[in-house]
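# Reading the structure
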Amino acid sequence: ADVIGQEVAVQTLTNAFISKTMHSCYILGGNRGSGKTSSARILAAMENCKEGPTLDPCGKCENCISIFNGKSLDIREIDAASNRGIDDIRALQEEIRYAPVSGRIKYIIIDEVHSLTGQAAEAALKMIEEPPSHVRFILATTDPHLIIDTIHSRCIMLKFYKVAWNDIFNHLKKICELEKIEYENDALRVIAKSANGSVRDALQHLQAVVNYTANKKITLLSTTESLGVINQTSYFEFIDHIIKADAPAAFQTIEGLLNDGKDCGEVSNGLYGHLRNLMLCRTCRKHLDKFDFTEDEAKKYLYQAQNIKLEFVLFMMSNMLKVNEGISLNLDPQTLLEKLAVEAIVFNKTQQVVVKEHVNTA
């Protein structure tokens, strides 16, 4: 019940648990920080809780505590990114021969399983093909397509997706209320959106902000300062300057963004995301409730979008791809963005002239 944003995977595992048809090996594949390893630990607790097997492990017994702390003798967690050789798998083959020490089912959780070497993957296949009845395998990966087909065919694949920012936002609110942390909603929204669909990143960001504020109220200002998040106002200002054909002001906005210690890639991605939101406002005005806009954000984007044409937005988005290509080639990002601003100003003026000539002709 505490796994958010993964309804299909949760429902599948819940039904299998209730019907006692749990498979011997699952592949949990998807975005980092989406709950794959946490789900594996929860499954292990469900089967090994002193009060179980139960859908709602107590979290307080010796077995639950050791599982969630990563110290259980019956739950073996391996990072295949650093333990990827055949000797590591052979050690596991020896280990799974023995019955659980204090639980019912021994869990083998292999993170980043796609990183196993060829020989190690073949050895793992033999281990997964005929597992002892007291062992269950959970293979977690961000790249399930890199796992060899023969392992795929012997496992049940469950996909884990990026978690919607509003689900993360509600989760952060719940945590703050339980921990008695005062907060501003806008601050938690920034944390949720900056996590890019990763619950783990969101929790780490929340901890960083709590440390920065010394357990005082989490405000929007303290959040943007501690996380180094770019204020969205800068993107609105940049587009406004282009609309007004004010190149010097646009250049100053760019300089302010880049000279504030922000990563140029983050600035570029943020601007591209801003343009995407303007595109949505121009094409899906009556359906913005289906996208990740707060009421206040929708008003701001709609207000700016009414002053620009869709062709202008698409032109800027296409040219942003050139900016990103230039950044990848180590060209000066400030110059690239300044060039983008000038090109956009010229394009916007040209469009206005074309429209004017068309009206005169008519």
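Anything mentioned here points back to the structure above.
Residues numbered from 1 in each chain as written. Predicted model: local features only at pLDDT ≥ 70, side-chain atom pairs only at ≥ 80, totals over all residues. Heavy atoms only, no water.

Where helix α11 (residues 233-243) meets helix α14 (residues 295-305), the closest approach of the two axes is 11 Å, and the angle between their N-to-C directions is 10°. Looking at the two axes, α11 sits roughly parallel to α14. Mapping the contact onto sequence places F236, I239 and D240 in α11 and K300, Y301 and Q304 in α14. Considering only residue class, the contact of α11 with α14 consists of three nonpolar, one polar and two charged. (Axes fitted to C-alpha atoms, helices over the stretch in contact; angles between N-to-C directions. Helix = DSSP H or I, 4+ residues; strand = E, 2+ residues; numbered from the N terminus. Parallel < 35°, antiparallel > 145°, perpendicular 65-115°, else oblique. Contact = heavy atoms within 4.5 Å. Nonpolar A, V, L, I, M, F, W, Y, C, P; charged D, E, K, R; others polar.)

All right, on to the packing of helix α9 (residues 199-213) against helix α10 (residues 220-227) then. Put simply, α9 and α10 touch, their axes get as near as 9 Å, and they point 110° apart. Taken together, α9 and α10 sit at an angle that is classed as roughly perpendicular. Together, H205, A208, V209, Y212 and T213 of α9 and S222, T223, E225, S226 and L227 of α10 make up the contact between the two elements. Counted by class, the contact of α9 with α10 contains four nonpolar, five polar and one charged residues.

If the charged atoms of two oppositely charged side chains come close together, the side chains can form a pair. This structure, assessed with the given rule, holds 13 salt bridges. The salt bridge involving E297 is made with K193; its shortest N-O contact spans 2.6 Å. Placement of the pair is E297 in helix α14 and K193 in helix α8 (residues 185-194), with a sequence separation of 104 residues. Overall, the relative accessible area of 22% leaves E297 in the partly exposed class. Here E343 ties to K339 by a salt bridge, and the two come within 2.5 Å at their closest N and O atoms. Within this pair, E343 and its partner K339 are both found in helix α16 (residues 333-361), separated by four residues, close to a single helical turn. (Salt bridge = Lys/Arg side-chain N within 4 Å of Asp/Glu carboxyl O. Buried < 20%, exposed > 50% of the residue type's maximum accessible area, 1.4 Å probe, protein only.)

Membership of the largest hydrophobic core comes to 38 residues, with the highest contact counts inside it found for F238, L271, L275, M316 and L337. Those elements giving two or more residues to this core turn out to be α11, α12 (247-258), α13 (264-283), α14, α15 (310-328) and α16. The next biggest cluster of nonpolar side chains, apart from the first, holds 24 residues, and it includes I27, I110, L125 and L139. (Core = buried A, V, L, I, M, F, W, Y, C linked by side-chain atoms within 4.5 Å.)

We now examine unusual backbone geometry. Here G52 and P53 are connected by a cis peptide whose omega angle stands at 5°. Residue position: P53 is located in the loop between α2 (36-48) and α3 (62-68). Positive phi, close to 55°, is recorded for N196, a residue that is not glycine. With respect to the helices, strands and loops of the structure, N196 is situated in the loop between α8 and α9. Of note in the backbone geometry, N215 takes a positive phi value of approximately 65° without being a glycine. Looking at the secondary structure, you find N215 in the loop between α9 and α10.

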